[in-house]
Amino acid sequence: TASIQTSFDNGKDEMPNGRVKYIHTIGSICQFKLDISEASPYTGLLGPGTQEGFIRLSSAVDSSIGGLTPGLGFKFARTGVHSGGFVALHALDLGQSWNFFKYNQSNHISPPTGATGIIGRKK
């Protein structure tokens, strides 16, 4: 019920009923437009044309621990198909930096360690 993997495997824009949000509870959201070159070799969300979506920037935990644990959430409004959203992090290490963009963020990160590792493995 609290496995972190649910965020990656859910395929929906809503949290499952009854799920408690333990990390990234506060964030800022803005709308964006992505103009992709007609020469793009990709299909889907990265295919030629314009994509519109929302980005959410948040810290995994309260910054009182001495820094941010940054994460990004991207949402693309779609009807009748699985969500086009994805998340990106640098790591789940707590209090990484006060600079949100200090580290590259990715949708593939190392397994969490310490307290975040315990939460990440909870089922």
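Residues numbered from 1 in each chain as written. Predicted model: local features only at pLDDT ≥ 70, side-chain atom pairs only at ≥ 80, totals over all residues. Heavy atoms only, no water.

Focus on the sheet that holds strand β4 (residues 86-89)
If you walk across this open sheet you meet the four strands as β1-β2-β3-β4, and the pairing is antiparallel. A strand with exactly one partner marks an edge of an open sheet, and here the two such strands are β1 (27-36) and β4. For this sheet the average axis-to-axis angle between neighbouring strands, irrespective of direction, equals 25°. When β1 meets strand β2 (residues 49-59), the two strands line up antiparallel, connected through ten bridges. Directly across from Gly 27, in β2, lies its bridge partner Ser 58. (Pairing = 2+ DSSP bridges. Helix = DSSP H or I, 4+ residues; strand = E, 2+ residues; numbered from the N terminus. Axes fitted to C-alpha atoms, helices over the stretch in contact; angles between N-to-C directions.)

Describing the side chain of Ser 97
Mapped onto the elements of the fold, Ser 97 is located in the loop between β4 and α2 (114-121). A relative accessible area of 13% means that Ser 97 is categorised as buried. Here the side chain of Ser 97 touches Asn 99 through a polar contact of 3.0 Å, landing on its backbone nitrogen. Other than its neighbours up to four places away in sequence, Ser 97 contacts Gly 67, Leu 68, Lys 102 and Tyr 103. (Buried < 20%, exposed > 50% of the residue type's maximum accessible area, 1.4 Å probe, protein only. Polar contact = N/O pair within 3.5 Å; in protein donor to acceptor, adjacent residues only side chain to side chain. Contact = heavy atoms within 4.5 Å.)

A short note on a nonpolar patch on the surface
A cluster of nonpolar side chains, Leu 34, Tyr 42 and Leu 46, forms an exposed patch at the surface whose accessible area comes to about 300 Å². Relative to the assigned elements, Leu 46 resides in the loop between β1 and β2. (Patch = residues over 30% accessible without salt bridge, like charges linked within 9 Å, V, L, I, M, F, W, Y side chains within 5 Å. Areas by Shrake-Rupley, 256 points an atom, 1.4 Å probe, with all protein chains shown as cover. Salt bridge = Lys/Arg side-chain N within 4 Å of Asp/Glu carboxyl O.)

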